[in-house]
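Here are the chains, one letter per residue:
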Amino acid sequence: MKKIVIINGHPNPSSFNFAIAQSYLNGAIESKALVETITIAELQFNPNLKFGYTKRIELEPDLLESWEKIKRADHLVWIHPIWWGGLPAITKGFIDRLFLPGMAFQHRENSVWWDKLLKGKTAHIITTLDQPSWYYRLFYARPSVNQLKKTVLEFCGIKPVKVSYIGIIKTADEKQREKWLKKVFDFGFRNK
């Protein structure tokens, strides 16, 4: 039985991202997967990695609980909007504070290489945007995807990482939104 954690990176509970997260959850539950959720906006933590990696800041209880969920999971589903080409600040802060040396990766002594401590997990990034996905890929080179997929998840050993774009959100009517929610339900049902 697949163990999935859904990580919702949108700070607004009335956003369409929350509907997307719920739709994925519903599909995964129907498939009999074991599912846990992390709603970053509900966590109590300081998103600022104040000292970089030079001094460790104790993890707050919500971050410790989130890390346990991530460790238990076989598959991580990241849901977030694209803002200014990147991740929402709270989502970036969550990554900064949690994906730490000794937990998600480990630098090798006297080497430029590192050990990937999250091998064996897969991921799916479901991201919303207010422009065509082809435009985001061709003209902006998809910075949020490069950051999350390549320099966080794959850097830590998570592979493969699937990416799905949902948009244009701001011009979508209810019929289009329902189509997207059905598609995401199917992702959840198929544990993709």
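The following paragraphs examine the structure supplied in this document.

## A word on the environment of Ile-158
- Inspection of the secondary structure puts Ile-158 in the loop between helix H5 (143–154) and strand E7 (161–166).
- Separated by 42 residues in sequence, Ile-158 and Lys-116 have C-alpha atoms that sit 8.3 Å apart.

## Focus on the packing of aromatic side chains
- Across all of its chains, the model carries 13 aromatic pairs by this definition.
- Both rings, one in Trp-78 and one in Phe-99, keep their centres 6.1 Å apart while their planes meet at 55°; by these two values the pair is tilted. On the criterion of sequence distance, the pair formed by Trp-78 in strand E3 (residues 75–81) and Phe-99 in the loop between helix H3 (89–98) and strand E4 (105–107) is long-range, its members being 21 residues apart.
- Residue class for Trp-78 comes out buried when judged on its relative accessible area of 1%.
- Pairing Trp-114 with Phe-155 gives two aromatic rings, centres 4.3 Å apart and planes at 10°, and the pair type is stacked. Here Phe-155 lies in the loop between H5 and E7 and Trp-114 lies in strand E5 (residues 114–116), a separation of 41 residues in the sequence.
- The cationic tip of Lys-55 hangs over the ring face of Phe-51; the distance from NZ or CZ to the ring centre is 4.6 Å.
- The residue whose ring lies beneath Arg-177 is Phe-16, and the NZ or CZ to ring-centre distance is 4.9 Å.

## A closer look at the environment of Arg-108
- Note that Arg-108 resides in the loop between E4 and E5.
- A relative accessible area of 39% means that Arg-108 is categorised as partly exposed.

## Here's the deal with helix H6 (residues 174–189)
- A rise of 1.5 Å per residue sets the reference length of H6, with its 16 residues, at 22 Å; its end C-alpha atoms lie 22 Å apart and thus fit the reference within 8%.
- Burial in H6 covers these residues: Arg-177, Trp-180, Leu-181, Val-184, Phe-187 and Gly-188. The arc that holds the buried residues of H6, viewed along the axis, is 110°, so those residues lie on one side. In H6, the exposed residues that point more than 90 degrees away from the buried face are Lys-175, Lys-179 and Lys-182.
- The secondary structure elements touched by the buried residues of H6 are helix H1 (16–30), strand E6 (122–128) and E7.
- At the C-terminal side of H6, Asn-191 shows a positive phi close to 55°.

## Details of unusual backbone geometry
- Backbone torsion omega between Lys-159 and Pro-160 reads -10°, so that peptide bond is classified as cis.
- Mapped onto the elements of the fold, Pro-160 is located in the loop between H5 and E7.
- With an omega dihedral of 25°, the bond running from Gly-167 to Ile-168 counts as a cis peptide bond.
- You can see Ile-168 is positioned in the loop between E7 and H6.
- One non-glycine residue with positive phi stands out, namely Lys-32, at about 75°.
- Assessed through its relative accessible area of 59%, Lys-32 is described here as exposed.
- You will see that Arg-142, though not glycine, has its phi angle at about 45°, which is positive.

## Let's talk about H5
- Ser-144, Val-145, Leu-148, Lys-149, Val-152, Leu-153 and Glu-154 are the residues of H5 that are buried. Down the axis of H5, the sector holding all buried residues measures 160°, keeping them to one side.
- Buried residues belonging to H5 abut E3, H3, E5, E6, helix H4 (133–140) and E7.

## Section: the pattern of salt bridges
- Counting across every chain of the model gives seven salt bridges.
- Note that Glu-36 and Arg-72 form a salt bridge whose closest N and O atoms lie 2.8 Å from each other. Of this pair, Glu-36 sits in strand E2 (residues 34–39) while Arg-72 sits in helix H2 (residues 61–72); the two residues are 36 residues apart in sequence, bridging distant segments of the chain.
- For Glu-36, a relative accessible area of 26% gives the class partly exposed.
- Note that Lys-71 and Glu-68 form a salt bridge whose closest N and O atoms lie 3.2 Å from each other. Of the two residues, Lys-71 and Glu-68 both sit in helix H2, three residues apart, roughly one turn of that helix.
- Residue class for Lys-71 comes out partly exposed when judged on its relative accessible area of 45%.

Quick notes on the rules
Residues numbered from 1 in each chain as written. Predicted model: local features only at pLDDT ≥ 70, side-chain atom pairs only at ≥ 80, totals over all residues. Heavy atoms only, no water. Helix = DSSP H or I, 4+ residues; strand = E, 2+ residues; numbered from the N terminus. Phe/Tyr/Trp six-rings, centres within 6.5 Å; stacked < 30°, edge-to-face > 60°. Buried < 20%, exposed > 50% of the residue type's maximum accessible area, 1.4 Å probe, protein only. Lys NZ or Arg CZ within 6 Å of the ring centre and 35° of its normal. Expected span 1.5 Å × (residues − 1). Arc of directions from axis to C-beta. Contact = heavy atoms within 4.5 Å. Salt bridge = Lys/Arg side-chain N within 4 Å of Asp/Glu carboxyl O.

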